[in-house]
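# Close look at the chain arrangement
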Amino acid sequence: MKNNAIFSLKKVSKVFPGVKALDAVDLHLYPGQVTALIGENGAGKSTLVKTMTGIYQPDGGEIIFNGKPVQFHSPHDSHALGITAIHQETVLFDDLTVAENIFLGNYPMTKYFSIDWSTMVTRSQEILSSINAPMNPNQILRELSIGQKHMVGIARALSVDAKVVILDEPTAALSHHEIHELYELVNTLKKQGKAILFITHKFDEIFALADRYTVFRDGRYVGEGFVKDVNEAQLVEMMVARSIDETYPKKDVNIGETLLEVVNLCHTTEFANISFSLKKGEILGIYGLVGSGRTEVMQALFGTSEQVTGTVKMEGKEVTIHSPKEAIDNGIVYVPEERQKQGIVLELPIYQNVSLPQIERLTKNGQVDQEGEMTLARQYCERLQVKASSWNEKVMNLSGGNQQKVVIAKWLATNPKVIILDEPTKGIDIGSKSAVHAFMSELVDSGLSVIMVSSELPEILGMSDRILVMNEGLIVGELSRADATPEKVVSLATGGIVVC
Ligand SMILES: Nc1ncnc2c1ncn2[C@@H]1O[C@H](COP(=O)(O)OP(=O)(O)OP(=O)(O)O)[C@@H](O)[C@H]1O
Ligand SMILES: [Mg+2]
């Protein structure tokens, strides 16, 4: 069955100080087929991608391409064979143009050995339109949305005549519409006979797109097979070696007095007439499509948005929030969606990231209480099951999902009254997801209030006491937990019939 694989890894290992990220793993990719690689946060998926593309050198095992053992000394070597990857944290350059980003390190040359700018622009245009992402190749990357930047990353990967295309959590940053386009692109690549590796935590994607699966657990190979022969529960069991209770751990909590009141919040361009209240012990779900203004409203509550008018009251008193510091002082914290950019200092160790918002409190006579920082980090990171060799590890060495958990830990540790979680489980594996949900339940049980922005319907319906639905910058409906159904929520979000 493995004879016709175009690309195979056999017993490949990769060791970092204190972590065996890959322990003799196998993987096989086949022309014209999509293989899903699945495993919990920190299972070794991104490390494998970097080993397959020459960014890391394996410490053991064999890489076989077209039946022959190969060695990649750098990404150049793998590129030359047509192996291309869109990494979880795609490195693109904000100050370069779209075309320069697509061809970086691989610029087309004229016969006089200078860069052939016009070919570069024409080829960029061709590649972008082939993936249905028309854009001006001369535009500076900084001016694009996250989704558009992602398409540039994909165009970059396809700028070589790829035989193997690797996508590491490609849909985590995309809107519904963009996700749909990406699926179409994957199917086109498949029809062209390319071998595709698709890494995702979303099971619906595995079943919609993949022909085969391979499962890793803690850096080890667990098994592989055809997607048509398994169901979700079997895959989950392989991933985590236990079954996960998929019912949402929502506790019945006594809901108290109104804590936060927002009256007529308006933004010059993003939203208008936003009024709602949040009670003590309540989980308020905010649902809306990307672009509905939900994130912008949350940013306004955290003081990171200008051009906002309206009133915010905490415990009946009007408060002014013009900066995150004022928000934190008033007991409001915000865990952003784009955690890598807005939430974390990659070069600092975990414990210093967690203690950062409280550094003043933890400093006495000019000395930072390092023990206190460690205790804080341990307490919250253990609760969220952050996987790291120590709390002293730099955040840049953590897996993508574990970095996200550190940001959540940091804000929870500030002991807020209101915590706003924007897409709390994006990029987080299924086992840790239920840990995050259980933690939310405990938080409200201990008197906190939660605002949860999410585009995952089961999460919104499973965890919220009340749901506000946004569409085009307005709140278009409010549903109680008992009244909410997937149909009602989606119909409101997409501008359908307003039922209340
Ligand atoms: N450069 C590095 N230095 C030290 N440890 C590392 C480095 N890169 C990864 N690791 C460790 O290797 C393990 C595997 O990480 P990897 O990023 O491959 O996980 P992943 O399966 O991609 O997880 P996720 O789903 O969260 O993206 C983790 O324990 C991580 O902390
Ligand atoms: Mg990863």
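Conventions and cut-offs
Residues numbered from 1 in each chain as written. Chains lettered and ligands numbered in written order. Predicted model: local features only at pLDDT ≥ 70, side-chain atom pairs only at ≥ 80, totals over all residues. Heavy atoms only, no water. Helix = DSSP H or I, 4+ residues; strand = E, 2+ residues; numbered from the N terminus. Rg over C-alpha atoms; globule rule 2.2 N^0.38 Å. Buried < 20%, exposed > 50% of the residue type's maximum accessible area, 1.4 Å probe, protein only. Contact = heavy atoms within 4.5 Å. Areas by Shrake-Rupley, 256 points an atom, 1.4 Å probe, with all protein chains shown as cover. Lys, Arg positive; Asp, Glu negative; His and termini not counted. Charge placed at Lys NZ, Arg CZ, Asp CG, Glu CD. Near = heavy atom within 4 Å. Polar contact = N/O pair within 3.5 Å; in protein donor to acceptor, adjacent residues only side chain to side chain. Pairing = 2+ DSSP bridges. Axes fitted to C-alpha atoms, helices over the stretch in contact; angles between N-to-C directions. Core = buried A, V, L, I, M, F, W, Y, C linked by side-chain atoms within 4.5 Å. Domains from an automatic or database assignment. Buried area = accessible area lost by both parts, 1.4 Å probe. Salt bridge = Lys/Arg side-chain N within 4 Å of Asp/Glu carboxyl O.

## A short note on the overall build of the protein
- Summing up its helical and strand segments, the protein has 17 helices and 22 strands in all.
- Compactness check: the protein gives a C-alpha radius of gyration of 24 Å against a globular reference of 23 Å for 500 residues, within 12% of the reference.
- Along the longest, intermediate and shortest principal axes, the C-alpha atoms of the protein span 70 × 55 × 45 Å.
- Residues counted as buried form 52% of the 500 residues belonging to the protein.
- Summarising the internal contacts of the protein: among those between residues at least 6 apart in sequence, 66% fall at separations of at least 24.
- Carbon together with sulfur atoms contributes 50% to the accessible area of the protein, which is approximately 22,200 Å² in total.
- In the protein, the 47 positive side-chain charges and the 61 negative ones have mean positions that sit 5 Å from each other.

## Some remarks on the site of ligand 1
- The full set close to ligand 1 counts 21 residues, and Gly 42, Lys 45, Thr 47, Ser 399 and Gly 401 are the nearest of them.
- In the model, an oxygen atom of ligand 1 is placed 2.8 Å from a nitrogen or oxygen of the His 201 side chain.
- Between ligand 1 and Asn 397 there is a distance of 2.8 Å, counted from an oxygen atom to a backbone nitrogen or oxygen.
- The protein chains hide 92% of the 650 Å² of surface that ligand 1 would expose on its own.
- When contributions to the shell around ligand 1 are tallied by element, the ones reaching two or more residues are strand S2 (19-29), helix H1 (45-52) and helix H14 (400-412).
- Counting residues per element, the shell around ligand 1 draws most heavily on H1, which supplies three residues.

## Some remarks on the sheet that holds strand S19 (residues 418-422)
- Pairing is mixed across the open sheet formed by six strands, whose spatial order is S16-S19-S20-S13-S21-S22. Looking at the sheet topology across the chains shown, the edges are occupied by strand S16 (332-335) and strand S22 (474-480). Pairs of neighbouring strands in the sheet enclose a mean axial angle of 20°, with direction left out of account.
- Judged from the four bridges that link them, S16 and S19 form a sheet pairing that is parallel.

## Some thoughts on the environment of Val 450
- Topologically, Val 450 is positioned in strand S20 (residues 449-453).
- For Val 450, a relative accessible area of 0% puts it in the buried group.
- As a C-alpha pair, Val 450 and Ile 359 span 91 residues in sequence and 24 Å in three-dimensional space.
- Every residue in contact with Val 450, bar those within four places of it in the chain, is listed here: Leu 278, Glu 282, Ile 283, Leu 284, Ile 419, Leu 421, Met 440 and Val 444.

## Overview of the nonpolar core
- Within the largest apolar cluster, 76 residues are counted, with the highest numbers of intra-cluster contacts made by Leu 260, Phe 276, Met 298, Leu 301, Val 354, Ile 419 and Ile 451.
- In terms of residue count, the dominant contributor to this core is H14 (six residues).
- Residue contacts for Leu 260: discarding those within four places in its chain leaves Phe 276, Ser 277, Leu 278, Val 312, Lys 313, Met 314, Ile 332 and Ile 451.

## Focus: the domain arrangement of the protein
- When the domains of the protein are assigned, the result is domain 1 (7-240) and domain 2 (258-493).
- Averaged C-alpha coordinates put domain 1 and domain 2 at centres separated by 30 Å.
- The partner domain 2 presents 19 residues to the 19 residues of domain 1 that form the contact.
- Carbon and sulfur atoms supply 55% of the area buried between domain 1 and domain 2, which totals about 1,500 Å² over both sides.
- Here Asp 218 ties to Lys 387 by a salt bridge, and the two come within 3.9 Å at their closest N and O atoms.
- For the pair domain 1 and domain 2, the interface holds four residue pairs in polar contact (both at pLDDT 80 or more).
- Those elements that provide at least two residues to the side of domain 1 that touches domain 2 are helix H5 (146-157) and helix H8 (232-240).
- In terms of residue count, H8 provides more of the side of domain 1 that touches domain 2 than any other element does, three residues in total.

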